[in-house]
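Chain and residue survey
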Amino acid sequence: MNFLLSFFLNISAALFCLSIFSYLIPQLVVWFLPERNLKHRYGQSWCVVTGGSSGIGQQFAVKATKQGMNCVIIGRNESHLNETKDLLSQLNPQTQQLYITADFSKDPDVVTRHILQQVEELDISVLFLNAGYGSFEKATGPSSTLVDMLNTNTVTNLALFNSLSPRILRRSLSQTSSSKEHRGAVFLTSSVVDLVAVPYAANYCSTKSSLAAFGESLAFECQQVGVDVVVLRPGPVNTRFYDRISGISILQAIQLVGSSPQSVVRKLFKSVGRLVACDVGLSTILVRLFTKVVDYNAYATFVAPIFNLFPEFQHLGQESETR
Ligand SMILES: *[C@@H]1O[C@H](CO)[C@@H](O)[C@H](O)[C@H]1NC(C)=O
Ligand SMILES: *[C@@H]1O[C@H](CO)[C@@H](O)[C@H](O)[C@H]1NC(C)=O
């Protein structure tokens, strides 16, 4: 009996360690490695960044430009694009930039065609699918934003991937490059909400989970053909994201412990070609560890109801009943 018990405990401990350390070790190792240089890896070529006029996308463009890559910056807001233009034009005179105004919530085919017309001649190696926003709302009420959000965060980004990926695959680098086999990369911005269910964020969670699932599955195909894939799961990041969510003070509190866009991009550059699932920030890592210990059903029963103690969530719950 004693033997059976200790056998069971030892097996449990071994599985627990495997679960925790197979997660933490790659994340930590990458954290200590140097950042990749995109120009060395893919040759001087173009990065396409959606949602590139602020936050993570903008910081990505800054770093890529400093490394000598050309950038296509796609953004919705023209004045933010202009600010980004001012920022990037100072950084590296040997690089070029192209700015495209596009609203990803609109018809994905039309938006994609509008972009393709302008990038036809460019040698594109890196595609960063980053455009997106979130909002808290009842998924059971009639939602005016569901389709907009699905288009912005998921459909239009993937439609653009679909049009540009053959060109990335066809790339072959010059003989002078020491890294011929690396043709390019696809990066996707998912979110910590892919890991854990959040009340009143069903719409947002579904957009970010579908990006993560797409990227992580895509990575297998891409590995065969020399294309790097990284799926970013940032926790709260101090970006314009929060400008579009109003009246949620719990989020404002979370934002205080959020990562900076710079630190997200630093982790991305360290992960290129090394790690597909890139969890950024302490909050994502803690949530991931939590989900390894407490499974969904226990979480839904015992933890998720705590959300309803916050007035903001109570308010959201009541809102659409009167609609
Ligand atoms: C762009 O952003 C500015 C400042 O954040 C805002 O005032 C303006 O309304 C935005 N424009 C559009 C078209 O959304
Ligand atoms: C952005 O810059 C362009 C060209 O410099 C200018 O025509 C346009 O009015 C600017 N837009 C905004 C919203 O500042």
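Numbers given for residues are sequential positions, taken from 1 along each chain in its written order. Think of it this way: whatever chain is written first is A, whatever ligand is written first is 1, and the rest follow in order. Residue-level local features of this predicted model are given only where pLDDT is at least 70; pairs of side-chain atoms are given and counted only at 80 or more, and the full residue set underlies all totals for whole chains, interfaces and linings.

Another point: the nonpolar core. To count as a nonpolar core, a set of buried Ala, Val, Leu, Ile, Met, Phe, Trp, Tyr and Cys residues must be joined through C-beta atoms within 7 Å. Residues with at least 20 neighbouring C-beta atoms inside 10 Å of their own are called buried, those with 12 or fewer are called exposed, and the rest are partly exposed, where every C-beta is derived from the backbone. Within the largest apolar cluster, 51 residues are counted, with the highest numbers of intra-cluster contacts made by Val49 and Cys71. The numbering of helices and of strands both runs from the N terminus, where a helix is a DSSP run of H or I of at least 4 residues and a strand a run of E of at least 2. Per-element accounting of this core gives the leading share, five residues, to strand 6 (residues 227–234). Look past the residues within four positions of Cys71 in its chain and what remains in contact with it is Trp46, Cys47, Val49, Ala61, Ala64, Thr65, Leu88 and Gln97. Formed by seven residues, the second largest nonpolar core is a distinct cluster that contains Met149, Val193, Leu195 and Tyr204. Residue pairs qualify as contacts under a 7 Å threshold applied to their C-beta atoms, which are placed from the backbone.

Turning our attention to the packing of helix 6 (residues 146–170) against helix 7 (residues 202–224). Axis definition: a line fitted to C-alpha atoms, limited for helices to the stretch in contact. Angles are taken between N-to-C directions and run from 0 to 180 degrees. As a packed pair, helix 6 and helix 7 sit with axes 9 Å apart at the nearest point and diverge in direction by 10°. Accordingly, the angle class assigned to the pair helix 6 and helix 7 is roughly parallel. Together, Leu146, Met149, Leu150, Asn153, Thr154 and Leu158 of helix 6 and Asn203, Tyr204, Thr207, Lys208, Ser210, Leu211 and Phe214 of helix 7 make up the contact between the two elements. The classification used treats Ala, Val, Leu, Ile, Met, Phe, Trp, Tyr, Cys and Pro as nonpolar, Asp, Glu, Lys and Arg as charged, and all other residues, Gly among them, as polar. Of the residues contributing to the contact of helix 6 with helix 7, the split by class is seven nonpolar, five polar and one charged. Roughly parallel here means an angle under 35 degrees, roughly antiparallel means over 145, roughly perpendicular means 65 to 115, and every remaining angle is called oblique.

This paragraph deals with the environment of Asp109. Considering the arrangement of structural elements, one finds Asp109 in helix 5 (residues 108–119). As a C-alpha pair, Asp109 and Ala159 span 50 residues in sequence and 7.3 Å in three-dimensional space.

Our next topic: the UniProt feature "transmembrane region" (unreviewed entry) in the chain. UniProt positions are given in the numbering used here, feature names are shortened, and annotations may be inferred rather than shown by experiment. When the UniProt feature table is mapped onto this chain numbering, "transmembrane region" (unreviewed entry) sits at residues 6–33. Split by type, residues 6–33 is 96% helix and 0% strand. Its first and last C-alpha atoms lie 39 Å apart.

This part covers helix 9 (residues 261–271). Along an α-helix, a turn takes 3.6 residues, which lines up residues three or four apart on a common side. For helix 9, the set of buried residues is Pro261, Val264, Val265, Lys267, Leu268 and Ser271. When helix 9 is viewed along its axis, its buried side chains cluster within an angular range of 160° and face the same direction. Gly273 occupies a position one or two residues after helix 9 and carries a positive phi of about 75°. The arc in question is formed by the directions pointing from the helix axis toward the C-beta atoms.

Next up on the list: the environment of Gln90. On the secondary structure map, Gln90 appears in the loop between helix 4 (78–89) and strand 3 (97–101). Classification of Gln90 by C-beta neighbours within 10 Å gives exposed; the count is 8. Along the primary structure Gln90 and Leu116 are separated by 26 residues, whereas in three dimensions their C-alpha atoms are 27 Å apart.

Only strands that DSSP links by at least two bridges are regarded as paired with each other. In spatial order, the strands read 3-2-1-4-5-6-7; together these seven strands make up an open sheet with parallel pairing. Edge positions in the open sheet fall to strand 3 and strand 7 (277–280), since each of these has one partner strand only. Neighbouring strand axes in the sheet, compared pairwise and without regard to direction, differ in orientation by 15° on average. Pairing geometry for strand 2 (residues 70–75) and strand 3, over five bridges, is parallel. By the bridge assignment for strand 3, Ile73 is matched with Tyr99. The strands touched by helix 6 within the sheet are strand 1 (46–50), strand 4 (124–129), strand 5 (184–189) and strand 6, with strand 4 carrying the most contacts at an inclination of about 160°. Along the sheet, helix 10 (residues 282–293) contacts strand 6 and strand 7; its crossing angle with strand 7, the most-contacted strand, is approximately 115°.

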